[in-house]
Amino acid sequence: MDTLEALRRLFPGKVDTSPSERRRHGRDEGYPEEGEVLAVVYPESVADVQEALRFAREKGLAVIPFGAGTSLEGHLYPLKETLSLDFSRMNRILEVRPEDFLCVVEPGLTRKALNEALKGTGLFFPVDPGADATLGGMAATNASGTTTVRYGGMRANVLALQVVLANGEVLELGRGVRKASAGYDLKDLFLGSEGTLGIITRLTLRLQPLPEHIHTLRVFFPGVEEAALASYRVMASGLPVARLELLDELALRALNRYLQAGFPEKPALFLEFHSSTREALEAESALALSIMREAGALEVEAAKTEEERRRQWEARHQAYWALVHLFPGHRFVITDVAVPLSRLPEMVRYAQGLLEEMGLTGNILGHVGDGNFHTLVPVLPQDYPKAEAYAEALVRRALELGGTCTAEHGVGLRKKKYLPLEHGPALEWMRKLKALLDPEGLLNPGKVLDIAPSSRYS
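Below, the structure is looked at part by part. As a convention, each chain's residues are numbered from 1 in the sequence order in which they are written. Since the coordinates come from a predicted model, pLDDT governs what is reported: local features require at least 70, and pairs of side-chain atoms require 80 or more to be given and counted, while whole-chain, interface and lining totals use all residues. Where side-chain values are given, they derive from all heavy atoms of the structure, hydrogens and water being excluded.

**Describing the pairing of strand β3 (residues 62-66)**
A simple rule labels every residue: compare its accessible area, found with a 1.4 Å probe on the protein chains alone, to the largest value its type can have, and call it buried under 20%, exposed over 50%, or partly exposed in between. The helix count covers DSSP runs of H or I at least four residues long, the strand count covers runs of E at least two residues long, and both are numbered beginning at the N terminus. Counting buried positions over the 5 residues of β3 gives 4, a clear majority of the element. Two elements, β3 and strand β4 (residues 82-86), share 5 bridges in a ladder whose sense is parallel. The residue bridging A62 from the neighbouring strand is T82, located in β4. Here, a strand pair is defined by DSSP locating no fewer than two bridges between the strands.

**Examining the packing of helix α9 (residues 224-236) against helix α14 (residues 344-357)**
At a minimum axis separation of 8 Å, α9 and α14 run at an interaxial angle of 160°. The pairing of α9 with α14 is recorded here as roughly antiparallel in orientation. As for how α9 packs across α14, the hand of that crossing is right-handed. Along its contact with α9, which presents V224, E225, A228, L229, S231 and Y232, the element α14 presents L344, P345, V348, R349 and Q352. Its residues assigned to classes, the contact of α9 with α14 shows 7 nonpolar, 2 polar and 2 charged. Axis angles are defined between N-to-C directions and span 0 to 180 degrees, where every axis is a line fitted to C-alpha atoms and, for a helix, only to the segment in contact. Any angle that falls under 35 degrees is termed roughly parallel, while one over 145 is termed roughly antiparallel, one within 65 to 115 roughly perpendicular, and all others oblique. Two helices cross in a left-handed way if the nearer one is turned anticlockwise from the farther one by less than a right angle. They cross in a right-handed way if the turn is clockwise. Contacts were defined at the residue level, with two residues in contact if any of their heavy atoms lie within 4.5 Å. Residue polarity is assigned by list, with Asp, Glu, Lys and Arg as charged and Ala, Val, Leu, Ile, Met, Phe, Trp, Tyr, Cys and Pro as nonpolar; anything else, Gly included, falls into the polar class.

**A closer look at the sheet that holds strand β8 (residues 158-164)**
By way of backbone hydrogen bonds, the strands of a sheet pair with one another, either parallel or antiparallel. Taken together, the 5 strands give an open sheet; going across it, the order is β5-β6-β10-β8-β9, and neighbouring strands pair in antiparallel fashion. Sheet topology places β5 (93-97) and β9 (170-174) at the edges, where each strand pairs with a single neighbour. Neighbouring strand axes in the sheet, compared pairwise and without regard to direction, differ in orientation by 10° on average. The pairing of β5 with strand β6 (residues 102-105) spans 4 bridges and is classified as antiparallel. Bridge pairing in β6 places I93 opposite V105. The strands touched by helix α3 (residues 46-59) within the sheet are β8, β9 and β10 (199-206), with β8 carrying the most contacts at an inclination of about 45°.

Have a look at this one:
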């Protein structure tokens, strides 16, 4: 019996080997190469995950967990014969406990589906990457988004995990409480591990009360450096900002064409304040506007209705696709970096100046309240190496300024080469942890870091 026939018999009705699905599960949104997995398995329980891992160990196959396929750094590209575990059938909400501000979910549930289900509870889950990613995938990459400046990313909002190790063992990590000091925090080891240490099969998530009062602004500036300086001054003021996003003129031009948004085509900060009282909200917003005018703001627009506010943030989340549609026939080099807040204006100035110096068109966009921004550089295929050189120079500059090579996209394949610069000798201890938990290199091999497969499982 061949491998695929054995797999179909083991998982009746849960295996897809069609060429289209094998290709879809062998690529992500940002990596230039595409591969094909051997087969796609759709687990419906923890037992299915354990059985798939047992099968992979016996057959010498790699295993890559798959959520929505929206990652950007080559996380899903198979480097050897691979089973893709697609969690779209493990998408249930297992428990909602409004009195404890938490819920328990399966990894294939998307963030939008969760918040839709939470309507009527007075609570929401705040982490909002642009894509409608799955919550398991968001945990695996330690995702963040526009609200991270106030509510934190996945690491701050995951209370507990259930994880299946490569040898099939099931671990329960963390507790459904706000804080704990009982032993080593193994839960956080798996957040951001990109499917290389274990497979997440259940998450306990922290929920937040819906804000009583919201004020949403768009503030336009003569240049991106002035906008970045204003964002730093707002953060330095101690104002409780809920969202603080930078969009350059290229992003706004793309959004105007893609969504007929009608925005002024000047660099902008999109801001939002959440408060429990209208008086506090008005005072905070007035102070923020004063700071921005001192930094050179040209124009201010306020979202006057809930629908306008929704459209503003939907536009921010659609910025990537708007830019893709603005440059048909191009390939895109996307990177994200973060630096200490005080160095943000300098880093933005460097990113913009380097685009001009290298003769590239590019977009600067991001969560500047966190010191994090993205660049998206569209190029014709023959100029792809030039755009990659730009991204590498950007990362190296961020590291020189005390920042990180990736704030929220993760490492995958593309950013492995920067980890020695960022982590030094600590990288070897990461390899030891990988070798301890996955000695055969079964789980998403070659991503984040490399190990030499060694001892067999007992």
